[in-house]
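# Coordinate inspection notes
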Amino acid sequence: MSEIPQTTVNLAGVSISDQSPSATPDSSVAPVVKEVESAAYDQVVTPWDVQGSVSSDGKQQAIDYDKLVDQFGTRRVDAALLARFERLTGRRPHVLLRRGTFFSHREFDKILDRYEQGKPFFLYTGRGPSSDSMHLGHMIPFLFTK
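Conventions used here
- Positions within a chain are numbered from 1, following the residues in the order the chain's sequence is written.
- Local features in this predicted model are restricted to residues of pLDDT 70 or higher, and side-chain atom pairs are both shown and tallied only at a pLDDT of 80 or more, whereas totals for entire chains, interfaces and linings draw on every residue.
- Processing note: side-chain calculations cover all non-hydrogen atoms of the structure and skip hydrogens and water entirely.
- The helix and strand labels rest on DSSP assignments: H or I over at least four residues marks a helix, E over at least two residues marks a strand, and numbering proceeds from the N terminus.
- Relative accessibility under 20% of the residue-type maximum defines a buried residue, over 50% an exposed one, and the middle range a partly exposed one, all with a 1.4 Å probe and only protein chains included.
- By convention in these notes, a salt bridge is any Lys or Arg side-chain nitrogen within 4 Å of a carboxyl oxygen on Asp or Glu.
- Only rings of Phe, Tyr and Trp enter the pairing, Trp through its six-membered ring, and a pair is recorded when the two centres are within 6.5 Å. The plane angle decides the type: under 30 degrees is stacked, over 60 is edge-to-face, the rest tilted.
- We call two N or O atoms a polar contact when they sit within 3.5 Å, provided that within protein one can donate a hydrogen and the other can accept it, with sequence-adjacent residues counted only if both atoms are side-chain atoms.
- Side-chain atoms within 4.5 Å link the members of a nonpolar core, which is a set of buried Ala, Val, Leu, Ile, Met, Phe, Trp, Tyr and Cys residues.
- Note on definitions: a residue-residue contact is assigned when non-hydrogen atoms from the two residues lie within 4.5 Å.

## Regarding unusual backbone geometry
One non-glycine residue, E107, adopts positive backbone phi at about 65 degrees. Residue placement: E107 occurs in the loop between strand 7 (104-105) and helix 4 (108-117). Residue E107 is classed as partly exposed on the basis of its relative accessible area, which comes to 44%.

Given below as structure tokens:
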């Protein structure tokens, strides 16, 4: 007895298996349709992995930045904060702030408070390389704190 080759296609959470028509003389055999469980999951953002959520119907979702703000205990960089920065420093905020590349902060308002009061402050950017060589990703903190 020879084996009958099979074709399996997975489209939108439905798996369709069909015997190859060339291997079956009777073309009246209908394909077998079996539901595939969709693996819905929440977004994952860690230092090692970034994945948007997947809905119950299997559709990839965009990263939810409001959820990140809640998850990491930060606050949005809003127009009022940027206006305050410009008013206090006399300079436009960095392009990465204006364009929303950096969309949230921790205690940026407190840094502005100290600046307004003429008190010193220090920024720690965590830009030390984690290996013997630096890469393009290390450029962002250098450009921003320039």
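## A look at the pattern of salt bridges
Going through the model one piece at a time under the given rule, you end up with seven salt bridges. The partner of D66 in a salt bridge is R76, and the shortest N-O contact between them spans 2.9 Å. Linking D66 in helix 1 (residues 65-72) with R76 in strand 6 (residues 75-76), this pair joins segments that are ten residues apart in sequence. The partly exposed category is assigned to R76, whose relative accessible area is 38%. Between R84 and D113 there is a salt bridge whose closest N-O contact spans 2.5 Å. With a gap of 29 residues between them, R84 in helix 2 (residues 79-89) and D113 in helix 4 connect regions that are remote in the sequence. Assessed through its relative accessible area of 17%, R84 is described here as buried. The exposure class assigned to D113 is partly exposed, which follows from its relative accessible area of 31%. Residues participating in the shared-partner salt-bridge network are R84, D113 and E116.

## Examining the environment of V45
Within the secondary structure layout, V45 lies in strand 4 (residues 44-45). A sequence separation of 18 residues divides V45 from I63, and the C-alpha atoms of the two residues are 8.9 Å apart.

## Observations concerning the packing of aromatic side chains
Following the criterion strictly, the structure yields three aromatic pairs and no others. For the pair Y65 and F103, a centre-to-centre distance of 4.8 Å together with 75 degrees between the ring planes defines the contact as edge-to-face. Linking Y65 in helix 1 with F103 in the loop between helix 3 (95-98) and strand 7, this pair joins segments that are 38 residues apart in sequence. Here Y65 falls in the partly exposed class, since its relative accessible area comes to 40%. Judged by centre distance (6.0 Å) and plane angle (35 degrees), the rings of F85 and F108 are tilted. Residue F85 is found in helix 2, and its partner F108 is found in helix 4; the two are separated by 23 residues along the sequence. Here F85 and F108 have matching classes, each one buried.

## Observations concerning helix 1
The opening residue of helix 1 is D64, an N-cap whose side-chain oxygen sits 3.1 Å from the backbone nitrogen of D66. Once helix 1 finishes, G73 follows within two positions and takes phi at roughly 65 degrees, a positive value.

## Notes on the nonpolar core
If you look at the biggest cluster of nonpolar residues, it comprises eight residues: V77, L81, L82, F85, L88, L97, F108 and L112. Elements with a contribution of two residues or more to this core: helix 2 and helix 4. No other element matches the four residues that helix 2 contributes to this core. Apart from the residues lying within four places of it in its own chain, the contact partners of L97 are V77, L82, F102 and F144.

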